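Listed below are the residues making up each chain.
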Amino acid sequence: DLEEMTVIDSGDMDTVSHLRRLNIKKAKEVFVLGESREPGRDSKNLECAKTVKEIKGEAIHGKPLHVNVQFDKPSSYSTIKRITIPTRYYENEQGEQLTYLRPFNFYENWARLLWGNCQLEGYRTLDRGMMVRNDPERGLVTTDKHVHLFIAGFNEMGVALLLEALRVCHYPNFVEASGDNKTHITIMDPRMDVILPRFKSEYAYLSQISDIEIEYKACPIEDESIRRELDDLANREDVVLTVAICLEDADNSLSSALTLPESLYYHIIDGQIVPNKDAEILVRQEIKSGLVDALDKENGKYANVKVFGTLDKGVDDRLLDDRMAIIINAHFHFKYGSTPSRDFFKLVEDDKDKALAEAASHWIALNEDKRFANRYQAESYKCYQTYRDLLEQQPDLLYQTEHYRWSAERSITGYRDMHDPAINSGTYQIHHLIVPYHDLSEQEKEKDKDVLVVMDKVIALSESITDNIL
C-alpha cells in the first residue's frame, strides 16, 4: 500500500523546472537529503532549500512550509549552528516567512536515538542509571562509578557519537572539588594523527569541559594495549562500559564487535558462566543484512551486542520536533528576557493559543545557535528523569549537573571561556559563565535550578500540542 502512494521522480535538485514537478506548493513538509558522496553536497542542499522557498513563494498561505535540510558533514553542520542563516533562504522580498528551515545531521540523529531524549527501545543510556543508588539506611546516595565510552573509528559517525556523549554524559555523582567520577571517553583510529588536528581546530574549546576526560589514540581497536585496557575495565565494578564500533567497512565493524576480550561478553564466577550485562557493545551497520537479523535475535554470548546506524531510522519525526525547544525558549525569554518578567505557563493557562503563537514568534527570531541550545537542553531530560528523585533529597546535585551540561554544550558550539563579567558577547561566542558551579552567583544558579523546576511542565505542554506550533 505504501508503494502505491509513492512517486519516484528522476531529476536534478539544482534545476528549478525539475523541482516544480514535485508539487511543492501543496506540500506539508519537505526533506532535502542530497546525493550521497556528491562534492559540495551540504551547500547544494541549502541552495535547494532556497529554491523550494522561491517555489513556495508563489502560493503564500497558512504557516511556513517545514523544510528539513540534511547537512552530511559534521564540519558544515557545526558551521550552520554557529551562524545566522540569511533571510533570503526562507523569506520573500516583502519579509514574509515562507519556509521554516530545520537543519539536521543523520549521524547526530542516530547518536540521539542511542542516548538522548528520543532513545529507541533496546538501547541503554551510557550511565544505565547507576550514578545514584538507594541505600536502605541513608536514602539516595551517589556512587563512585563513572562512565567509560570507547569509540572505534573517528569518522562522521564517530565524531557524532563523541559530541553527543559530551552533551549528555554529565551526572550528579561528579565531585567538583576533587574531580572524581569524571566521564572518560577514548577515541581510537589508526589515522588519528591526520584527523585530530582538524577536529581540534573545529572544536577548539572542548578542554573547557571539566567533568569529562577525552583521550585520543592512533591505533585500531585490535591493538593489544587497547584489548588489555578493555579487559581491565570490563572487570571493574566502578566502571560503566560502552564500546561503539563504527568503522568504514561494515563487515570489519561486525567482526571487531564479536572478537573483543571475552570479559566484555561474560565472566566465569565460581565455575559458572555469567553474562556481562553491564557492558554494552554497539556496532554500526548501514543495512539490515542476514547477519544483522541473526545478531538481533542472539540470546547467548553476544546478547549485549547491539546494531545501530541503519539507514532506515536516521530520519525520525521526533528528532525534528521542536515543540519542547520552543516552549523552553519561551519560558526563559518571558522570565529573564522581558521587563517585567512574565510566567509563560500562566499565560498558557489563560490563553493557550495566544501564548503558543507568541512563543512561535520569539522562536522564529532566534538564530540557529540559540535554537540548538534549547534543543540540546531538552535532550538532557533523559538524564534528569532518571535521577529525578534527587530533586527532593539533594537537588543541588542536579542543578550542578545542569550547569556542567550547559557549559559543555556552549564549549562544543564554540564559546570561549572568559571570566571577566564585563565581556559577555554571544555575537563573538565569548561567555564568562563557563566556570565551576561554585563560582556562580546565586542569581545564575537560579537559572540552572529553573531547568529542573519547569521540566515536567515543558514535557506535559509539548505532549498536549497536537499541531505544529510553527
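All of these numbers come straight from a predicted model, not from anything done at the bench.

Trainee: In this structure, what is going on with the packing of aromatic side chains? I would like to understand it.
Mentor: Centre distance and the angle of the planes are the two values used to describe a pair of aromatic rings. Within this structure, the stated rule accounts for 14 aromatic pairs. A centroid spacing of 6.1 Å and a plane angle of 85° characterise the contact between Trp110 and Tyr123, whose relative ring orientation is edge-to-face. Here Trp110 is found in helix H4 (residues 106–115), whereas its partner Tyr123 is found in the loop between H4 and strand S4 (132–135), with 13 residues between them in sequence. Comparing Trp110 with Tyr123 shows no difference in burial state: the two are buried. Aromatic side chains Phe154 and Tyr216 sit 6.2 Å apart centroid to centroid with 50° between the ring planes, which places their arrangement in the tilted category. One end of the pair, Phe154, is in the loop between strand S6 (146–152) and helix H5 (156–168); the other, Tyr216, is in strand S8 (residues 212–217), with 62 residues separating them in the sequence. Chaining the aromatic ring pairs together yields one cluster made of Phe154, Phe199, Tyr203 and Tyr216. Above the plane of the ring of Phe372 lies Arg375, whose end atom (NZ or CZ) is 4.5 Å from the centre.

Trainee: How do you make sense of the sheet that holds strand S12 (residues 280–284) when you look at a structure like this?
Mentor: If you trace the six strands from one edge of the open sheet to the other, you get S8-S7-S6-S9-S12-S13, paired in parallel fashion. Two strands bound the open sheet, and with one partner strand each, they are S8 and strand S13 (305–308). Each strand of the sheet is rotated relative to its neighbour by a mean of 15°, with strand direction disregarded. In this structure, S6 lies alongside strand S9 (residues 239–245), joined through seven bridges in parallel fashion. Residue pairing in the sheet places His148 in a bridge with Leu241 of S9. Against the sheet, helix H6 (residues 192–202) contacts strand S7 (183–188) and S8, and its axis sits at roughly 140° relative to S8. Where helix H7 (residues 224–234) meets the sheet, it contacts S6, S7, S8 and S9, and its direction lies at approximately 150° from that of S6.

Trainee: What should I look at first to understand the pattern of salt bridges in this one?
Mentor: Where charged atoms of side chains with opposite charge meet at close range, the side chains can pair. This model, assessed by the stated rule, comprises 35 salt bridges. Of the charged contacts, one joins Asp369 and Lys370 as a salt bridge, the two residues approaching to 3.9 Å between their closest N and O atoms. Here Asp369 and Arg410 are joined by a salt bridge, their closest N and O atoms 2.8 Å apart. Residue Asp369 is located in helix H13 (residues 368–379), and its partner Arg410 is located in helix H16 (residues 395–413); the two are separated by 41 residues in the primary sequence. Judged on exposure class, the residue Asp369 and its partner Arg410 are both buried.

Trainee: Quick question: what am I supposed to make of unusual backbone geometry here?
Mentor: With the exception of glycine, most residues fall at negative phi, and the peptide bonds are largely trans. A positive phi is found at Arg128, a non-glycine position, where the angle reads about 55°. Along the chain, Arg128 turns up in the loop between H4 and S4. Under the relative-accessibility criterion, Arg128 is labelled buried at 16%. Despite not being glycine, Asn181 shows a phi value in the positive range, around 65°. Inspection of the secondary structure puts Asn181 in the loop between H5 and S7. According to the relative accessible area criterion, Asn181 is buried, its value standing at 15%.

Trainee: How should I be thinking about the sheet that holds strand S3 (residues 99–104) in this particular structure?
Mentor: Within a sheet, each strand pairs with its neighbour through backbone hydrogen bonds, oriented either parallel or antiparallel. Overall, parallel pairing links the three strands, which are arranged S1-S2-S3 in an open sheet. The open sheet has two edge strands with one neighbour each: strand S1 (29–32) and S3. Ignoring strand direction, the axes of neighbouring strands in this sheet form an average angle of 20°. The sheet contact formed by S1 and strand S2 (residues 65–70) spans four bridges and is parallel. Pairing of Val30 across the sheet is with Val67, part of S2. The strands touched by helix H2 (residues 41–56) are S1, S2 and S3; relative to S2, the strand with the most contacts, the crossing angle is about 170°.

Trainee: I would appreciate a short explanation of the packing of H13 against H16 in the present structure.
Mentor: Orientation of H13 relative to H16, taken along the N-to-C sense of each, is 145°, at an axis distance of 11 Å. Relative to H16, the crossing made by H13 is right-handed. Where H13 approaches H16, its residues Asp369, Ala373, Tyr376 and Gln377 are matched on the opposing element by Arg405, Glu409, Arg410 and Thr413.

Cut-offs and rules
- Residues numbered from 1 in each chain as written.
- Predicted model: local features only at pLDDT ≥ 70, side-chain atom pairs only at ≥ 80, totals over all residues.
- Heavy atoms only, no water.
- Phe/Tyr/Trp six-rings, centres within 6.5 Å; stacked < 30°, edge-to-face > 60°.
- Helix = DSSP H or I, 4+ residues; strand = E, 2+ residues; numbered from the N terminus.
- Buried < 20%, exposed > 50% of the residue type's maximum accessible area, 1.4 Å probe, protein only.
- Lys NZ or Arg CZ within 6 Å of the ring centre and 35° of its normal.
- Pairing = 2+ DSSP bridges.
- Axes fitted to C-alpha atoms, helices over the stretch in contact; angles between N-to-C directions.
- Contact = heavy atoms within 4.5 Å.
- Salt bridge = Lys/Arg side-chain N within 4 Å of Asp/Glu carboxyl O.
- Left-handed = near helix turned anticlockwise from the far one by under 90°.

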